[in-house]
Structures are given as structure tokens and as C-alpha cells.
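# A structural walkthrough
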Amino acid sequence: MSFQQEVDKRRTFAIISHPDAGKTTITEKVLLFGNALQKAGTVKGKKSGQHAKSDWMEMEKERGISVTTSVMQFPYRECTVNLLDTPGHEDFSEDTYRTLTAVDSCLMVIDAAKGVEARTIKLMDVTRLRDTPIITFMNKLDRDTRDPIDLLDEVEKVLNIKCAPITWPIGMGKEFKGVYHLLRDETYLYKTGLGHTIQDVRVVKGLSNPELDEAIGVYAEEIRDMLELVKGASNEFNHDEFLAGELTPVFFGTAMGNFGVDHMLDGLVEWAPLPQGRETSERKVESSEQKFSGFVFKIQANMDPKHRDRIAFCRIVSGKYEKGMKMHHSRIGKDVRISDAVTFLASDRELLEVAYAGDIIGLHNHGSIQIGDTFTSGEKFRFAGIPNFAPELFKRIRLKDPLKQKQLQKGLIQLAEEGAVQVFRPLQNNDLIVGAVGVLQFDVVVARLKGEYNVDAMYEHINVYTAQWVTSKDPRKLDEFRRKAEANLSLDGGDNLAYIAPTRVNLSLAKERYPDIEFHTTREH
Ligand code: G4P
């Protein structure tokens, strides 16, 4: 297969959803279709005590959640699909956000009984930074759900994206009969109790087919009437609008019953974009370019307790990776030879021979790789658009043993470079303020400070509303601001100036008082 054919068959996506909408369950079913699992039920069983392969820390096991983002690659139809897992629990982190910068499309899973929920809204905001195309799966149709038309309405209004139903449900809950596929003009009939397998689904061709009446009785007439209405009232699928992030194709089904998941996957491989190019400091790099380039969007520690290493997740933007190849590390301006990149097949962590644009590779990191780093085949550019997000939660971190201040600071700055957490050092005192997007990040930091830096730390409450990075086009104004607002200013892990606002009011007053200062909620690496 030619280089271009390899690239063209890549589809790299992540799932966005609110906790409990069914992300884990659908991941499991997707992997089942991808032949990456023999039997559903092995990704994660909160109650059975089995855990996903991506689980890596003890803490994760205790809590039965997936703290980190992992990557799974599997074949589906003629494509090679990369699914980047994003933590879906109440506790999540910036990794979740940044993972969304490394994919070309997203699957949005919605609990059809609940509709659009808070986390989904937040994650959709992040996908908007790059207008990422979104595919929607309305889950849990085997339960009593909300009216499908209402659901589409809500998605359109709350998430500001047009909906094009691709399948339409027939009945719901105990009366869930299956779905009608608007583009294929076929009805797929649902059977309960087969969720752990790939089912032989009965297909009825054509809506007016009497076989449909025979199969689902009065529901046949109902779906015929319903579809008249749906076709009149909803959008037709339009590929360009989908690619622009303006319209989402919508599928209905049940992840638990493994019904409808394959329709969604078919849509994904058919419509989701091929590996997309990325802007750099110099020019746009396209995935069709033969020379290797990629960027690091995540660093993860101690994935395997037997290897006490850190893995940097690198999204290949162009070209291909081959074992033993030389890469140019743009930030430090050095060439490095990479002989042992890893890939993350669902079955195991495997040594990788070759990977193409669109794929994710794991690079062993002994401290020289940071979030946002670019690797090239010698060119000096750096990829743009891998952001830090303004943290939403803050705590002051304190040592139990005050003599270890140096180790604490070193540890925190390294963890900040990794993107595990953000650290702010006020200009006026020696406090260390830890900022996070998800609560769990705080616990991870204390556990890692102990394990990796032998530092016992604890947290204290601190009154912070938000931290925003500050810049100004006029260096004199920035200096003046630095003097006048010193009490609220701090440096982050990378020595960037940030304004720490104790309250929302304080922030807006500061913005009013210093019109020449720009306040930013994200910062690019
Ligand atoms: P998450 O990763 O998005 O947090 O959700 P997860 O897949 O863990 O699903 C949350 C709960 O919803 C689970 O139940 C799961 O079994 C259930 N669920 C997922 N898809 C469907 C579906 O299509 N229909 C129905 N009826 N339920 C579904 P749980 O009781 O919290 O956990 P478990 O003991 O089943 O693992």
C-alpha cells in the first residue's frame, strides 16, 4: 500500500460526553467491532472489578475510573481507526481538553433520557477551537428516553450545531424495535440480550415493505408517519457542513445492547476527515507531506509500574515514523534517534515498527519532552495551537517537611511541564499555588510528588476565582501593570505572567483599569 493510501485510511477521533452517558460502554463495543476485544465486558467493569487496559495508577483502580487519556488503534472496514480515550468521570483534567486538539473528529455520546449535559457543553466549546466535525450518538434507547425530536432540538439550540438524523428510532424502552436508516432506506430490528456480541441484525429493505408490518406491527405505520414529519422538519446530511463543524449526523441506539454502534462507525469511516494538516510557526503542514512531523499533546507517567518511565503522546501530522529514525526536536534544536516508540493497540502496549500521519505514537521521555513540543525531519518549525487552559480550581500547596522546598518546586515545575497540573508562583511571596481543571489532578500531584520526588505535600484552601495569562503589545504598559498589580501577579511553570483574580469582580475591575493589558483564558505552548 502506498504512503498516501495508508494516510487516507486513518481516522482519528475521541469521544466527548457527560459522565455516565455511556462512553466506556460504547468504547467497548467499538473495539468489539474493531476485533480488538474478543468479548465485550473487558474494558472496564465498575462492579466486576475488571479494569481497562488504560488504567495505570492504583488510584484509578480504586476509584474505577480512567484518569488518563489512552489511545487505541483498530481496523474497521477498510480503515485504521485511532480512538483517543478521554476521561469521562466527574474528575477530569486538561489532558481531556488537549486530546481534542490531537483528533480530526469527535463522537458525541448523549444519554437520550437526559439530553445535553454540562460536560458535553464544555467539551463542545473546546472542539469549536478547531471546528472539529462531530458525529452524535443518542444512547440508551432501550430505556425510556426523551422524545427524539426534542433531543435534536436541544442539541441544535444548546450546542449551536445543526442536526441531520441518519437513523431514527422506532419505539423506546421495552418497546424499542430498532432504527430506520434514512440514507439506506433500511430498517434494522433490535433484539435484546445480545449486547456482548456482534449480532446478525434482521434488515428490512424499504419503508413500505409489508415485511415491516409483519415484524413490528403498529410501529410500522407509526414510523412511516413519523418519517414524513422528520424529513420535513430536520436537516439533510451535508458533508461539507459536517466537515466545517456546522452540522452533526445523528445516530440512535443502545451501547449496552450493542445496537446502532456499527451504523455510527460506518458513518465515521465514510465521512470523518482524513488526517488533517496543522498550522506551525512557519507554514501549514499537510498530512500528505512525506517528511515526518508531529507534536506532543500529552505526557503520562508510570503507565506500567514495571517501566518507570514517562510516555509522551505524539500525534503524527505528516509523513511516517519508522523504527530507529532520527527526529529533530525543535524546541531544543537537537536531533534524537527514536528506536522504541510505542503504540497502543487495545490488546497491549506494543513496540511499533511504523506509523503514519494521523496515528499517535508514544515516545519515551526522560525529561526532555514537554507538552506542545514539535518533532520534525529537520525543519525548524513548531506546531501552533496546543493550548494550556486556564485552570478552574486552585489550592495552595504546603510541605509537611519545610526543608524540601527545593524538591517541591522542582517537582511541581516538572509536573507542570508535563501538563499534569499548573503551578503559579506569586511575585510577592513564596507560596506555590496549584491550578487544575479537574479535582483529581490535585490528588495525582500529591501522589506523584511523594512517589517520584519523595516530597510530602498537602493542600490548603485559597481564595482564587481564576488565573488568566496577561500580555500587552506595549512593553512599558506591561511593566507598569507588573508594578501596580504585583499583589495579584504570578509566574506559571514556564515563567509566563498570570493574573490571579480572587473574585470575578476583581477580574473585571482589573480589565477595566488596565485596558492595554490583554487577559487570556488559554495559552499556547
Ligand atoms: P461513562 O463511561 O460515560 O461514564 O458511562 P458508562 O459506559 O460507564 O455507562 C454508565 C452506565 O450506563 C453504566 O451502568 C452502563 O452500563 C449504562 N449504560 C451504558 N449504555 C447503556 C445503554 O445503552 N442502555 C442502558 N440501559 N444502560 C447503558 P452502571 O450501572 O453505572 O455500571 P455497570 O455496572 O453497568 O458497569
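Notes on the structure in this doc start here. (Residues numbered from 1 in each chain as written. Predicted model: local features only at pLDDT ≥ 70, side-chain atom pairs only at ≥ 80, totals over all residues. Heavy atoms only, no water.)

## Quick look at the packing of aromatic side chains
The description of two aromatic rings rests on the distance between their centres and on the angle between their planes. For clarity, the threshold we go by: Each aromatic pair joins two rings of Phe, Tyr and Trp (for Trp, the six-membered one) with centres within 6.5 Å, and gets the label stacked for planes under 30 degrees apart, edge-to-face for over 60, and tilted for any other angle. Each residue is assigned to one of three classes by its accessible area relative to the maximum for its type, calculated with a 1.4 Å probe on protein chains only: buried under 20%, partly exposed between the two thresholds, exposed over 50%.
Within this structure, the stated rule accounts for 18 aromatic pairs. Centre to centre, the rings of Phe-381 and Phe-383 are 5.4 Å apart; their planes meet at 80 degrees, and the pair counts as edge-to-face. Each of the two residues, Phe-381 as well as Phe-383, counts as buried. With a centroid separation of 4.8 Å and an interplanar angle of 70 degrees, the aromatic rings of Phe-481 and Tyr-514 are classed as edge-to-face.

## Details of empty space enclosed by the protein
Here is the rule: The definitions used throughout rest on a 1 Å grid laid over the protein atoms alone, on which a cavity is an enclosed set of points accommodating a 1.4 Å probe that cannot get out and a pocket is an open set flanked by protein within 12 Å on both sides along at least five of seven lines; lining residues are those having an atom within 4 Å of a point. Grid points are joined across faces, edges and corners, and a volume is the space filled by probe spheres set on the points. Throughout, the ten residues Ala, Val, Leu, Ile, Met, Phe, Trp, Tyr, Cys and Pro are labelled nonpolar, Asp, Glu, Lys and Arg are labelled charged, and all others, Gly among them, are labelled polar.
Overall, the coordinates contain 2 cavities of 30 Å³ or more when judged by the stated rule. Put simply, the second largest cavity is a space of about 40 Å³. Looking at the second largest cavity, the residues that line it are Arg-283, Glu-289, Lys-291, Phe-292, Ser-293, Ser-318, Thr-376, Ser-377, Gly-378, Glu-379 and Phe-381. A class-by-class count of the residues in the lining of the second largest cavity yields 2 nonpolar, 5 polar and 4 charged.

## Some details on the nonpolar core
The line we're drawing: The nonpolar core is taken to be a set of buried Ala, Val, Leu, Ile, Met, Phe, Trp, Tyr and Cys residues, with the residues joined through side-chain atoms within 4.5 Å. For helices the rule is a DSSP run of H or I covering at least 4 residues; for strands it is a run of E covering at least 2, with both sets numbered from the N terminus onward. Domain limits in this description derive from either an automatic procedure or a database domain assignment.
Met-138, Val-155, Tyr-321, Met-327, Ile-361 and Leu-363 are the most contacted members of the largest nonpolar core, which totals 80 residues. At 6 residues, the largest contribution of residues to this core is made by strand S15 (residues 310-318). Three or more residues apiece are contributed to this core by two domains, here domain 1 (12-46 + 101-271) and domain 2 (278-376). If you look at the next biggest cluster of nonpolar residues, it comprises 30 residues, including Phe-13, Ile-166, Leu-247 and Phe-251.

## Here's the deal with helix H5 (residues 118-128)
How we decide: Comment: arc refers to directions from the helix axis out to C-beta atoms.
Of the residues making up H5, those classed as buried are Arg-119, Thr-120, Leu-123, Met-124, Val-126 and Thr-127. Take H5 and look down its axis: the buried residues cluster within an arc of 155 degrees, on one side only.

Such coordinate-based values are descriptive only and should not be taken to indicate function.
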